[in-house]
Amino acid sequence: MATISTTQIDPRVLSFLEKPRKMLINGKWVDAVSGKTFPTYDPSTGEVLAQVAEGDRADIDLAVKSARKAFDEGPWRKMTPSERGRLIWKLADLIEQHLEEFAFLESLDNGKPLTVARAADVPLAADLFRYMAGWATKIEGNTIPLSVPYTPGAKYLSYTLREPVGVVGQIIPWNFPLLMAAWKLGPALATGCTVVLKPAEQTPLSALRLGELIVEAGFPEGVVNIVPGYGETAGAALAAHADVDKIAFTGSTEVGRLIVHAAAGNLKRVSLELGGKSPNVIFKDADMDVAIPGAASGIFFNHGQCCCAGSRLYIEKEVFDKVVEGVAASAKKIRVGSGLDPKTQMGPLVSEEQLNRVCGYLESGFSQGAKAAAGGHKKGDKGYFVEPTVLVDTTEDMKVVQEEIFGPVVVAMPFSSADEIVPRANDNVYGLAAGIWTRDISKAHRMAESFQAGTVWINCYNIFDAALPFGGYKQSGWGREMGHEVLNNYTQTKAVCARI
Ligand code: NAI
Ligand code: MG
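Not measured: the values here are computed from a predicted model.

Caption draft 1: A look at the environment of Gln492. Structurally, the position occupied by Gln492 is in strand S23 (residues 491-499). What makes Gln492 partly exposed here is its relative accessible area of 33%. Spatially, the C-alpha atoms of Gln492 and Leu161 are 8.2 Å apart, while their sequence positions differ by 331 residues.

Written as structure tokens, this is what we have:
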């Protein structure tokens, strides 16, 4: 804490950081059973920001027990949909009332600019809860006319009930700590599930503050339990737990596979939101005043730490030099610094591990013949900063073109026609998002259909909305977040058939 200028930070945040933060189990704030805590760091300095209770298998057991009881016996199941919706709406109001605190916590814990957390992360989280509050009263089944050929003359009344799946384990990453908690909690609460949430070990703070507001809003005890801790211990225990009915995960594809294996024991339901290496395709007929800054923000937003980052930039060859020059110029202009500095446009990466990972990819690219049109290096000696980077002279076989870097690094490559670019854009194990920039609306929609991606942006990028489903084709995941589609992740269908 020593080097952070304490005058800038909201005093409520400073007092939040002072004492080790506890975990939320059965409506109470408790220490870990082991008594252990772990540090969370300020990535702009590498110094310890706060201590947090370190959950492990024993804490996960207690949290699952509490969620089970709240689901099976508590007042939650008996609440009307409208009452549930009102609680969720109240939580959204509380988030808005504490917007400044959340913005500081996100900036300090994750490194992102305070200005971005204020304008994007926190308002989007509140909006998501409001959207889901509305759904609580609209989760409906169907009536189904039957024919049943082997009971001629019989009459039936048949209908479906959509019921909550039960106790849900949710494991989230560090790139949008509060927003990922909202994406997960919103639909689980709207459908009437109970939850054990495990935030990422790099960024547990905003989820714990959210837990305080969940208690304040009046959710019954045990409906939401929050257990911070490491993935290999707390996360793995949650994914494998026999009394958890469903696991929802956002993070690396590697861990996604582990989750699937861990879930096999009791065949719990699984939804996954995993990695990406999304193509962003600029045609020569695009409006360059929009496309060039769009391509830059498509990769540099959130320091490239977005699963849907437009990290493979394909540019029609006639405009290749112009676009690369423009994106490189934008990269060089980005002000990189501490997230708390109001002039900062890009903060540090979240951790030393991510810094090393991204720098490893840069070295790999250079060793395979890539050149930097902008950036290419770590920045400064303190904190986890990387220069916004544009790589050229890259070919499809390079690791930097095939693999997710999850940092501010884009590879730019020329293409010669719409027919050529579709198979190239689709030639990747991931399928999370794709971007197209053109003035030709027919071409744009034809291309949108051809991309193997869960989201296609046309003449825009990184547009998220609570109403718009988000998720992956291929190895980018299973199921959808947001929109009414996410409700499928948290409900199961019961068919009722009555002879009348
Ligand atoms: P990760 O997948 O290890 O971490 C994400 C979450 O999973 C964290 O809460 C972590 O504690 C938990 N976790 C880790 N191991 C687990 C296990 N064995 N069982 C259950 N839970 C476990 O991601 P990490 O290591 O932080 O980042 C590595 C790479 O993953 C990044 O470079 C990026 O490529 C990708 N990633 C993708 C994200 C996305 O939004 N799709 C978010 C974060 C990372
Ligand atoms: Mg990991």
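That was the structure; now back to the text.
Caption draft 2: Just the side chain of Arg84, in detail. Relative to the helices and strands, Arg84 resides in helix H3 (residues 81-97). The side chain of Arg84 sits in the buried core without any salt bridge; Glu83 is the nearest counter-charge, 8.1 Å away.

Caption draft 3: Just a nonpolar patch on the surface, in detail. Residues Leu157, Tyr159, Leu161 and Ile500 make up a contiguous nonpolar surface patch of about 350 Å² in total accessible area. Position of Leu161 relative to the elements: it lies in strand S5 (residues 156-164).

Caption draft 4: Geometry of the sheet that holds strand S12 (residues 312-316). The mixed open sheet is built from seven strands, whose spatial order is S13-S16-S17-S12-S11-S19-S20. Where the open sheet ends on each side, the last strands, each with one partner, are strand S13 (371-374) and strand S20 (455-458). Adjacent strand axes in the sheet meet at a mean angle of 25° when their direction is disregarded. In terms of strand pairing, S12 meets strand S17 (residues 409-415) through five bridges, oriented parallel.

Caption draft 5: Representation of the site of ligand 1 in the model. The environment of ligand 1 is formed by 26 residues, the closest being Ile172, Trp174, Glu201, Ser252 and Glu404. A distance of 3.4 Å is found between a nitrogen atom of ligand 1 and a backbone nitrogen or oxygen belonging to Ala236. Separating a nitrogen atom of ligand 1 from a backbone N or O atom of Leu274 is a distance of 2.9 Å. Protein chains shield 92% of the accessible area of ligand 1, which is 810 Å² for the free molecule. Of all the secondary-structure elements, those providing two or more residues to the shell around ligand 1 are helix H8 (231-240), strand S9 (246-250), helix H9 (253-263) and helix H12 (352-367). Within the shell around ligand 1, the residues separate by chemical class into 13 nonpolar, eight polar and five charged.

Caption draft 6: Up close: the nonpolar core. Within the largest apolar cluster, 109 residues are counted, with the highest numbers of intra-cluster contacts made by Leu210 and Phe219. Broken down by element, the residue count for this core peaks at ten residues, all from helix H6 (residues 177-191). Among all residues touching Leu210, those that are not within four sequence positions of it are Leu91, Ile95, Phe102, Phe129, Leu178, Ala181 and Leu185.

Caption draft 7: Just the packing of aromatic side chains, in detail. Applying the stated criterion across every chain, the model contains eleven aromatic pairs. Seen in terms of ring centroids, Trp457 and Phe464 are 5.8 Å apart; in terms of plane orientation they differ by 85°. Their pairing is edge-to-face. For Trp457, a relative accessible area of 3% translates into the label buried. Centroid distance Phe464 to Phe470: 5.8 Å. Interplanar angle 65°. Geometry classified as edge-to-face. These aromatic residues form a ring-pair network of at least three members: Trp183, Trp457, Tyr461, Phe464 and Phe470. Above the ring of Phe16, the side-chain terminus of Arg21 is found at 3.9 Å from the ring centroid. The ring of Trp89 carries the charged tip of Arg130 above its face, separated from the ring centre by 5.2 Å.

Caption draft 8: Quick peek at the packing of helix H5 (residues 114-135) against H6. Where H5 contacts H6, the two axes come as close as 9 Å, and the packing angle between them is 5°. Judged by the inter-axis angle, H5 sits roughly parallel to H6. Listed contacts from H6 to Asp121, Val122, Leu124, Ala125, Leu128, Phe129 and Met132 of H5 are Leu178, Leu179, Ala182, Trp183, Leu185, Gly186, Pro187 and Ala190. For the contact of H5 with H6, the per-class residue count stands at 13 nonpolar, one polar and one charged.

Caption draft 9: Focus on the environment of Ser252. Tracing the sequence through the fold places Ser252 in the loop between S9 and H9. For the pair formed by Ser252 and Gly375, sequence separation is 123 residues and the distance between their alpha carbons is 26 Å. Separated by 3.2 Å, the side chain of Ser252 and the backbone nitrogen of Val255 make a polar contact.

Caption draft 10: Broad picture of the pairing of strand S11 (residues 279-282). Side chains of S11 alternate between two faces, with Pro279 and Val281 and Asn280 and Ile282 buried alike. Bridge analysis of S11 against S12 gives four bridges, and the strand direction is parallel. Across the sheet, the residue bridging to Pro279 is Arg312, located in S12. Assessed by its sense of winding, the connection that carries the chain from S11 through helix H10 (residues 288-300) to S12 is right-handed. Judged from the three bridges that link them, S11 and strand S19 (residues 433-437) form a sheet pairing that is parallel. Across the sheet, residue Ile282 finds its bridge partner in S19, namely Trp437.

Caption draft 11: Representation of the pattern of salt bridges within the structure. All told, the structure shown has 24 salt bridges when counted by the stated rule. Of the charged contacts in the structure, one is a salt bridge between Arg130 and Glu96, with a shortest N-O distance of 3.0 Å. With Arg130 in helix H5 and Glu96 in helix H3, the pair connects residues that are 34 residues apart, well separated along the chain. Residue Arg130 is classed as buried on the basis of its relative accessible area of 16%. According to the relative accessible area criterion, Glu96 is partly exposed, its value standing at 40%.

Caption draft 12: Structural context of H5. Here H5 contains 22 residues, and its C-alpha end-to-end distance of 31 Å stays within 8% of the 32 Å for a straight helix at 1.5 Å per residue. Where H5 is concerned, the buried positions are Leu114, Ala117, Ala120, Asp121, Val122, Ala125, Ala126, Leu128, Phe129, Arg130, Met132 and Ala133. On its buried side, H5 packs onto H3, helix H4 (99-110), H6, helix H7 (205-217) and helix H16 (487-490).

Reading the values: rules and limits
- Residues numbered from 1 in each chain as written.
- Chains lettered and ligands numbered in written order.
- Predicted model: local features only at pLDDT ≥ 70, side-chain atom pairs only at ≥ 80, totals over all residues.
- Heavy atoms only, no water.
- Helix = DSSP H or I, 4+ residues; strand = E, 2+ residues; numbered from the N terminus.
- Buried < 20%, exposed > 50% of the residue type's maximum accessible area, 1.4 Å probe, protein only.
- Lys, Arg positive; Asp, Glu negative; His and termini not counted.
- Salt bridge = Lys/Arg side-chain N within 4 Å of Asp/Glu carboxyl O.
- Patch = residues over 30% accessible without salt bridge, like charges linked within 9 Å, V, L, I, M, F, W, Y side chains within 5 Å.
- Areas by Shrake-Rupley, 256 points an atom, 1.4 Å probe, with all protein chains shown as cover.
- Pairing = 2+ DSSP bridges.
- Axes fitted to C-alpha atoms, helices over the stretch in contact; angles between N-to-C directions.
- Near = heavy atom within 4 Å.
- Polar contact = N/O pair within 3.5 Å; in protein donor to acceptor, adjacent residues only side chain to side chain.
- Nonpolar A, V, L, I, M, F, W, Y, C, P; charged D, E, K, R; others polar.
- Core = buried A, V, L, I, M, F, W, Y, C linked by side-chain atoms within 4.5 Å.
- Contact = heavy atoms within 4.5 Å.
- Phe/Tyr/Trp six-rings, centres within 6.5 Å; stacked < 30°, edge-to-face > 60°.
- Lys NZ or Arg CZ within 6 Å of the ring centre and 35° of its normal.
- Parallel < 35°, antiparallel > 145°, perpendicular 65-115°, else oblique.
- Right-handed = clockwise from strand over helix to strand, strands pointing away.
- Expected span 1.5 Å × (residues − 1).

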